[in-house]
Each structure stands twice: as C-alpha cells, then as structure tokens.
Amino acid sequence: MKTTVVILAAGFGTRMRSKQVKVLHRAGGLPLVEHVTRASKAVAEPERTIVVTGHQADDVERALAGNGVSFVRQGPPQGTGHALAACRERAAGFDGLLMVLLGDAPLLTAQTLLQLRDTQAASNRAATLLTTTLPDPSGYGRVIVNPAGDVTAIVEHKVCTPQQREIRVINSGIYCFQAKLLWDHIAKIQPNPISNEYYLTDMFEILTGLGHRIGEMHIPDSNELLGINTRVELAQADRVLRDRKRRSLMLAGVTLEQPETITIDMDVEVGQDTVVEPFARLLGTTKIGDDCRVGAGAILDGAILGNNAAVHAYTLVSNSSIASGAEVGPFSRLRMNSAVEADGRIGNFVELKNTQFGAGSKSQHLAYLGDSTVGAGANIGAGTITCNYDGVAKHPTHIGAGAFVGSNSTLVAPVTIGDDSYIAAGSVITEEVPPEALALGRARQTLKHEWAKRRKQQHGKKH
Ligand code: UD1
Ligand code: CA
C-alpha cells in the first residue's frame, strides 16, 4: 500500500520567543523540519511528501529546496486540522495511507515510521497514532482509551479536566490514517470553542463516532517523540541528535575522547581510526579521512581532510581542505577555499585565506597568506605577510616551488616569486623575483662603532 506523508510546518511557534519560524531553528546542525523530511523518505517517495507551510513560507521552502518534496501553503495558520485540510486537494488523488508528521518533532526515526505504517496497514482501523508515556506530560494532548484499548479521543492540555491532566500517555501528533476516510471526514472538524483553532486531534472523536476504530502504537523511547515548543526542548533535541551521531561514529570505528564534549553535525563523515580530542566541533559537510587526528577545541566547518591528516588544537578550518599527511595547527586558521596539499605543514598563528599551499611546503609560525598560490617544497618564514588588499581590490601572490621566503617579509600583491628563489628576511617585495634569484628589499644596516661609549662619556656615566 502506498503512503503519502504530510508534514505540518506552518505554525509560527510563539513559545520559542523568536523572530524566526520554529521549524527553521536548528538541532544537530539541521533545521528541525529537515530531520522530518529525511525520516519521511523511509515511507514515502518525495512526490508523495507534502510540507505545509505558512509563517515565513518562503524561507521554509528555500531551506527544504534540495529535498524534492512539494509544498502546500496553509494561509494564516488556524490549527493542525486546518493545516492538514489545506492538503486535501493536492493529496486527494493519492490513495492508500496518509501519514501526518510534525515539523517540530525531529527525533523520529525511519524505523519507527516503518513500524507505524506496517501496524496501520495490518489493521482494519481508521488510523493509528504514535503515543508514549511521559513523566511530565504538560503541553501535550492526552490519549483517552476505552476498556477495549481503542483510542476514543485526544484532549489538548489546555482543555483537559483536572482528572484528564493526570493522564501521562500523550499524543505525539504523528498519525497514520486510511487516506480516503480522512479526506472524506476532515471537513467535519469544528473550531475549538476555547482557542478557535481547528484541532486535528478532533478527528479521532469524529471517526470513532462514525463507528471506526482507532489504534495506538505506544513506543517506550519517549525521546523520539519529543515535540519542540521552547528553546529548552530545542537544546534537549540537539543533545539527543548529537548523541546518536557520536554513537554511530564510535561504533563505526572512530575514537572520540570524552565524546559528550564533542559537537558533530548530522552530515559529517569521519573515517576509521581517526581520533577526535575533547571539545572539537565538526560542522556542516566536514569530511574526515581515516587515521586523522583532530585536536582539542578545533573547529572544522565544511572541512575536507585526507587520510592521515592532523588538525592540532584550537585550529579553525572553514570551507578548506587538508590533504593526506598534512598537518595544521595548533592555533591556525584556514578559510575560503584554502587547500594544504599532501604533507604540507601550517603552524601556529598562520592564516590562509583562499590560498593553495603546495605539497610538502611549510609555514610554521605567524604568517598571513591571502589569495595566494604556493608551489611544492617552499618555506615561508615567520612573520611573512601577503599584502593582498590595496583598499579597493584584492590581488594575487604567486610563490614558486622551492622558494625560500625569509622571516618578516612583506609581499605586496600582485607579485610573483620565482621557483627556488630566496627572499632575504625583512624584505618588502614589490616587483617580480625571477627563479633562483635572491631578492633583498630592505634598508642596509649602518654601524656606528663605539657610539655607546662616546655617549656615556658625554653624559658622564660610568656604565
Ligand atoms: C500538537 C497536538 C498535541 C500533541 C503535540 C505533540 C493538536 C491540536 N495538538 O500540539 O495533541 O500532543 O502536537 O507535539 O494537533 N502547525 C501548522 N499549522 C497550524 C498549526 C500548527 O502547520 O495552523 C504545525 C506547526 O508548525 C508544528 C505542528 O503543526 O510543526 C504542531 O503544532 P503545535 O502548535 O506545536 O502543536 P502542539 O500544541 O504542540
Ligand atoms: Ca508542538
């Protein structure tokens, strides 16, 4: 039986106290709603996945653009029942099962969705809802069950009687319906007399009243059903997602030292036998090879590391790559498409911006290389600075293979330093240096012999 998925993501999320719509807040490095669209792939093809948008619809649709899902705009949101009803026309042609997911419940796993689908498909019930038991159920709809074990109603927290508030079995907001039954009767939902919203949860009483039966699938891991309403719950979801990610990497052969201190986004890949030290952050689409080391407190965002590469402590790498055998840090910064080629060495307080740094080359201390290319086997002395910006435009610097740039050299771009040439320490280089030349761009030293002695005599000092 085919399944259609509708993900409700139109609500604003007032309890987040944010200017941004709730489903775009991030946990595990991804917008909440993206976790849900990813999980939905287990049960529905993208053509059969509809995301209901409303508040900041353009932003939500843009964030999900790569996921192949389609969108229905709810108009001003008037409750979950109203949101689902907005899909009626679009989904009417899709028979089979209709699964409703919430854009603010990001911890749901593909496994649980498959189980929910199979449970509903094997039953003759009108719908199955996912439920769990919470120690503190406040905020959630409570599940009312008859003696036969069928669900007869969901009562929202706001409208619960004191007795109903005692119920700790909660509605996750995630359901699987017989699609036709749902679409035939969804228009019967009336606005709630207290909140004036259309509650999708009223559907269960409606279907029960028509003689249909509703089942529940109770899951023991209540974490999975966490709905995010506040930033406290957002932090909780983030913890769960990152814990899952770390576990899966460790089980795949990655060593994480003090794993609870390491932050890893969902899409990060790490190879076998790589060691990650405490407080490292691996973000975005970072991809790390086998046998690498990531030092304490290093931050890698969109970084690519070949096998056997090392990023030492407190180094920042963003959108840059470090090839096999290369070492960077401690306290280095690589950014904007920089690349350190095989066995290169970048040391403390060296910054590379948009710079290709050749194989086996070294820049061990205190340098800035911007908009540059450095050939293989070059040596960049401490304090070397490329002056790549003249206040109007950026200019390139080319340093040839095997070049030796002496300490504290200032390379005024655009400028080319030839292969195997030498730059004397302290030079200001403004003109091209041919291959194998020595360039001296500094004032000559002058010496005044016995100057200090004369000075002492003048001032009548003994020492
Ligand atoms: C809902 C359920 C509640 C359940 C809880 C689980 C209803 C009436 N209540 O409550 O029983 O325990 O989820 O987390 O369904 N949305 C829209 N359009 C709207 C309103 C909401 O798309 O007009 C979307 C929101 O963006 C959100 C989701 O629906 O992603 C849930 O909405 P929310 O207001 O958070 O519902 P709850 O009050 O948490
Ligand atoms: Ca919610």
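Everything that follows concerns the structure shown earlier in this document.
Residues numbered from 1 in each chain as written. Chains lettered and ligands numbered in written order. Predicted model: local features only at pLDDT ≥ 70, side-chain atom pairs only at ≥ 80, totals over all residues. Heavy atoms only, no water.

1. Points about the overall build of the chain
Thought 1: Assigned secondary structure in the chain consists of 10 helices and 39 strands.
Thought 2: Relative to the globule expectation of 23 Å for 463 residues, the C-alpha radius of gyration of the chain, 31 Å, shows a markedly less compact shape.
Thought 3: Taken along the three principal axes of its C-alpha coordinates, the chain extends 110 × 50 × 45 Å.
Thought 4: Looking at the 463 residues of the chain, the share that counts as buried comes to 49%. (Helix = DSSP H or I, 4+ residues; strand = E, 2+ residues; numbered from the N terminus. Rg over C-alpha atoms; globule rule 2.2 N^0.38 Å. Buried < 20%, exposed > 50% of the residue type's maximum accessible area, 1.4 Å probe, protein only.)

2. As for the coordination of the calcium ion (ligand 2)
Thought 1: Note on the calcium ion (ligand 2): its protein donors are D104 (OD) and N229 (OD1). The metal-donor distances range over 2.5 to 2.6 Å. Note that D104 is positioned in the loop between β6 (97-102) and α5 (110-121) and N229 in the loop between β11 (214-218) and α9 (231-251), a separation of 125 residues in sequence.
Thought 2: On the basis of relative accessible area, D104 is assigned to the buried category, the value being 13%. (Donors = N, O, S within 2.8 Å, 3.2 Å for Na, K, Ca; no water.)

3. Some remarks on the site of ligand 1
Thought 1: Taken together, 23 residues surround ligand 1, and among them A10, G79, T80, E156 and N171 come closest.
Thought 2: Within the side chain of T80, an N or O atom sits 2.7 Å from an oxygen atom of ligand 1.
Thought 3: Relative to its free-state accessible area of 760 Å², ligand 1 is covered by the protein chains to the extent of 90%.
Thought 4: Those elements that place two or more of their residues in the shell around ligand 1 are α3 (80-85) and β10 (169-178). (Near = heavy atom within 4 Å. Polar contact = N/O pair within 3.5 Å; in protein donor to acceptor, adjacent residues only side chain to side chain. Areas by Shrake-Rupley, 256 points an atom, 1.4 Å probe, with all protein chains shown as cover.)

4. Regarding the packing of aromatic side chains
Thought 1: Counted under the stated rule, the structure contains 6 aromatic pairs.
Thought 2: Both rings, one in F404 and one in Y422, keep their centres 5.5 Å apart while their planes meet at 25°; by these two values the pair is stacked. With F404 in strand β34 (residues 404-405) and Y422 in strand β37 (residues 422-423), this pair connects stretches of sequence that are 18 residues apart.
Thought 3: Taking the relative accessible area as the measure of exposure, F404 reaches 36% and is therefore partly exposed.
Thought 4: In textbook terms, an aromatic cluster arises when at least three aromatic residues are bridged by ring pairs, as seen for Y175, F177 and F204.
Thought 5: Residue placement shows K394 over the ring face of Y389; its charged tip is 5.1 Å from the ring centre. (Phe/Tyr/Trp six-rings, centres within 6.5 Å; stacked < 30°, edge-to-face > 60°. Lys NZ or Arg CZ within 6 Å of the ring centre and 35° of its normal.)

5. Quick look at the pairing of strand β9 (residues 151-155)
Thought 1: Among the 5 residues that make up β9, 4 are buried, leaving the element largely enclosed by the rest of the structure.
Thought 2: Here 4 bridges tie strand β8 (residues 142-145) to β9, and the two strands are oriented antiparallel to one another. Considered in β9, the bridge of R142 is made with V155. (Pairing = 2+ DSSP bridges.)

6. Re unusual backbone geometry
Thought 1: Following G329, the chain continues into P330 via a peptide bond in cis, with omega recorded as 0°.
Thought 2: Tracing the backbone shows P330 in the loop between β24 (327-328) and β25 (333-335).
Thought 3: Cis geometry marks the peptide bond from A413 to P414, where omega comes out at 0°.
Thought 4: Positionally, P414 belongs in the loop between β35 (410-412) and β36 (415-417).
Thought 5: Of note, the phi angle at N319 is positive, near 45°, even though the residue is not glycine.
Thought 6: Among the structural elements, N319 can be located in the loop between β22 (316-318) and β23 (321-322).
Thought 7: Phi at E436 is positive, roughly 65°, even though this residue is not glycine.
Thought 8: Tracing the backbone through its elements, the reader meets E436 in the loop between β38 (428-429) and β39 (438-439).

7. Describing the pairing of strand β29 (residues 362-370)
Thought 1: Taken together, the 7 bridges between strand β27 (residues 345-353) and β29 define a ladder with parallel strand orientation. Looking across to β29, one finds that V350 is bridged to A367.

8. Comments concerning the pattern of salt bridges
Thought 1: Following the criterion strictly, the structure yields 20 salt bridges and no others.
Thought 2: E61 serves as the salt-bridge partner of R73, at 3.0 Å between the closest nitrogen and oxygen. On the criterion of sequence distance, the pair formed by R73 in strand β5 (residues 70-73) and E61 in helix α2 (residues 57-63) is long-range, its members being 12 residues apart.
Thought 3: A residue is classified by how much of its surface remains accessible, and R73, at 47% relative accessible area, is partly exposed.
Thought 4: A relative accessible area of 17% places E61 in the buried class.
Thought 5: The closest approach of N and O atoms between R293 and E277, which form a salt bridge, is 2.6 Å. A residue pair is termed long-range when its members are at least 10 positions apart, and R293 in strand β18 (residues 293-294) and E277 in the loop between β15 (275-276) and β16 (281-283) qualify at 16 residues.
Thought 6: The class for R293 is partly exposed, based on a relative accessible area of 33%. (Salt bridge = Lys/Arg side-chain N within 4 Å of Asp/Glu carboxyl O.)

9. Some points on the layout of surface pockets
To locate leftover empty space, one rolls a probe as large as a water molecule over the atoms.
Thought 1: Within this model, the largest pocket holds a volume of roughly 1100 Å³.
Thought 2: Lining the largest pocket are 37 residues, with R15, K22, T80, D104 and N229 sitting closest to its centre.
Thought 3: The set of elements that each furnish at least two residues to the lining of the largest pocket consists of α3 and β10.
Thought 4: A total of 4 residues in the lining of the largest pocket trace back to one element, the largest contributor, which is β10.
Thought 5: Residue composition of the lining of the second largest pocket, by class: 5 nonpolar, 8 polar and 3 charged. (1 Å grid on protein atoms, 1.4 Å probe; cavity = no way out; pocket = protein on both sides within 12 Å on 5 of 7 lines; lining within 4 Å. Points joined across faces, edges and corners; volume = space filled by probe spheres on them. Nonpolar A, V, L, I, M, F, W, Y, C, P; charged D, E, K, R; others polar.)

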